[in-house]
Amino acid sequence: VGRWLSSLFFLANYSTARATWYLGHFWSLAVEEHFYLLWPLLFVSIRRMQTRMILVLSLIALVTIWRAVAFKYAITYTDSARFWGRTDIVADGLLFGVASALVMKVPALAGRIGAVVSCRTFSALLLTGLVLIVVFQPGGWKTGMLLRTVKAAVIPALLLGSIWRANAGRWTLLEAPALKWVGRLSYSLYLWQQLFLVWDEDRVPSVLRHLQAVPLSVCAVFLCAYVSYRWVERPMISLGHRLITGSRRARTGVAAAAASEAS
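Residues numbered from 1 in each chain as written. Predicted model: local features only at pLDDT ≥ 70, side-chain atom pairs only at ≥ 80, totals over all residues. Heavy atoms only, no water.

J.: Describe the layout of surface pockets, with residues and values.
T.: To find leftover empty space, one rolls a probe the size of a water molecule over the atoms. Looking at the largest pocket, its volume works out to about 850 Å³. V90, D92, G93, L94 and I155 are the residues nearest the centre of the largest pocket, which is lined by 28 residues in total. Among the residues making up the lining of the largest pocket, the classes are represented as 18 nonpolar, five polar and five charged. (1 Å grid on protein atoms, 1.4 Å probe; cavity = no way out; pocket = protein on both sides within 12 Å on 5 of 7 lines; lining within 4 Å. Points joined across faces, edges and corners; volume = space filled by probe spheres on them. Nonpolar A, V, L, I, M, F, W, Y, C, P; charged D, E, K, R; others polar.)

See below:
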């Protein structure tokens, strides 16, 4: 029950309840939701772009230092799975993305940085470095901490390069209709895959067991993801857009009324 409740309220990455395979991926969803809840509040309260950038870079430095110190001295370290899933330990992975987005909103910097990250040689070096970091994972805790930060910075740079030169030969595959469709389903795919893509020892002894073996498992994942996207995710996104539009219209109406009264 504790694991289900912690997953429901996006606290799975801090929960001490007994782990289960089927809810094992909710730690990363919790990290995302913590970001969605906290960053917009900071973004709205801070208007100046320069101040936002200073805040983001400061938070990246803080997370990087805290991660190394907490790991080295076992300040909050209980077990590996829980430590590396906590928001305060992995938040720089999201914050580097925020920093990239903020930089690209500055006209004087956007063109220069876009040209660099979309350069064929530079993007090839970034991709090669990322693969080497993931595959080889050099030993030593200091090196490991440094490479985690590097990886968090490299991934947004690669994404920027693919966006800046989306029609370049090496990125055109990402623009293929099939991959775009998978991209739209990506959240739902991630949400449902844990139910069907399981290890042998985690299969349930029921009719669902037949849907936990390839190729039926893959088909089941895509079917559930499509249903979830079509009848849950899209309606909720539309509702959010309507609420935002209504809020903007209301503010515009209030401002117009105030201006009319003032005149």
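Once you've had a look at it, read on.
J.: A description of helix α7 (residues 107-117) should follow, citing residues and the corresponding values.
T.: Taken residue by residue, α7 has A110, G114 and V117 as its buried positions. Each buried residue of α7 sits inside an arc of 75° when the element is viewed along its axis, so together they form one side. Away from its buried face by more than 90 degrees, α7 exposes A108 and R112. Against the buried residues of α7 lie α6 (92-103), α8 (120-136) and α9 (141-164). (Buried < 20%, exposed > 50% of the residue type's maximum accessible area, 1.4 Å probe, protein only. Helix = DSSP H or I, 4+ residues; strand = E, 2+ residues; numbered from the N terminus. Arc of directions from axis to C-beta. Contact = heavy atoms within 4.5 Å.)

J.: With reference to specific residues and values, describe the environment of G93.
T.: Along the polypeptide, G93 turns up in helix α6. Remark: the alpha-carbon pair of G93 and G240, spanning 147 residues in sequence, is separated by 26 Å.

J.: How would you sum up the packing of aromatic side chains? Please name residues and give values.
T.: Inspection of the entire model under this criterion finds eight aromatic pairs. Ring geometry for W39 versus F43: centroids 6.1 Å apart, planes at 55°, classification tilted. Placement of both W39 and F43 in helix α2 (residues 26-45) is noted, with a separation of four residues, approximately one turn of the helix. Accessibility expressed as a relative area gives 32% for F43, which makes it partly exposed. A centroid spacing of 5.9 Å and a plane angle of 10° characterise the contact between W181 and F222, whose relative ring orientation is stacked. Linking W181 in helix α10 (residues 177-196) with F222 in helix α11 (residues 216-262), this pair joins segments that are 41 residues apart in sequence. You can call W181 partly exposed: its relative accessible area is 36%. The structure contains a cluster of three or more aromatic residues connected by ring pairs, namely F71, F83 and W84. (Phe/Tyr/Trp six-rings, centres within 6.5 Å; stacked < 30°, edge-to-face > 60°.)

J.: Tell me about the state of the cysteines, and please be specific about residues and values.
T.: In protein chemistry, a disulfide is the covalent bond that joins the sulfur atoms of two cysteines. Tallying each qualifying case throughout the model produces zero disulfides. Distance from the sulfur of C219, which forms no disulfide, to the nearest cysteine sulfur (C224) is 11 Å. (Disulfide = S-S within 2.5 Å.)

J.: Let's hear about the side chain of Q193: which residues, and what values?
T.: Counting through the fold element by element, Q193 comes out in helix α10. Look at Q193 and you get buried, because its relative accessible area is 16%. Discounting chain neighbours no more than four positions away, the residues touching Q193 are H25 and V221.

J.: Go over a nonpolar patch on the surface, please, and point to the residues and values.
T.: A contiguous nonpolar patch, built from W181, L223, Y226, V227, W231, V232, M236, L239 and L243 and spanning about 910 Å² of accessible area, is present on the exposed surface. In terms of residue count, α11 provides more of the nonpolar patch than any other element does, eight residues in total. Considering the arrangement of structural elements, one finds V227 in helix α11. By relative accessible area, V227 is classed as partly exposed at 39%. (Patch = residues over 30% accessible without salt bridge, like charges linked within 9 Å, V, L, I, M, F, W, Y side chains within 5 Å. Areas by Shrake-Rupley, 256 points an atom, 1.4 Å probe, with all protein chains shown as cover. Salt bridge = Lys/Arg side-chain N within 4 Å of Asp/Glu carboxyl O.)

J.: Lay out unusual backbone geometry with the relevant residues and their values.
T.: The linkage connecting V214 with the following residue, P215, adopts the cis geometry, with an omega of 5°. Within the secondary structure, P215 is located in the loop between α10 and α11. One non-glycine residue, F10, lies in the positive phi region at around 55°. On the basis of relative accessibility, which here comes to 29%, the residue F10 falls in the partly exposed class. For A74, which is not a glycine, the phi torsion comes out positive at approximately 50°.

J.: Outline α9, listing residues and values.
T.: Between the first and last C-alpha of α9 there are 35 Å, a value that for 24 residues agrees with the 34 Å anticipated at 1.5 Å per step. Where α9 is buried, its residues meet α3 (49-72), α6, α7 and α8. (Expected span 1.5 Å × (residues − 1).)

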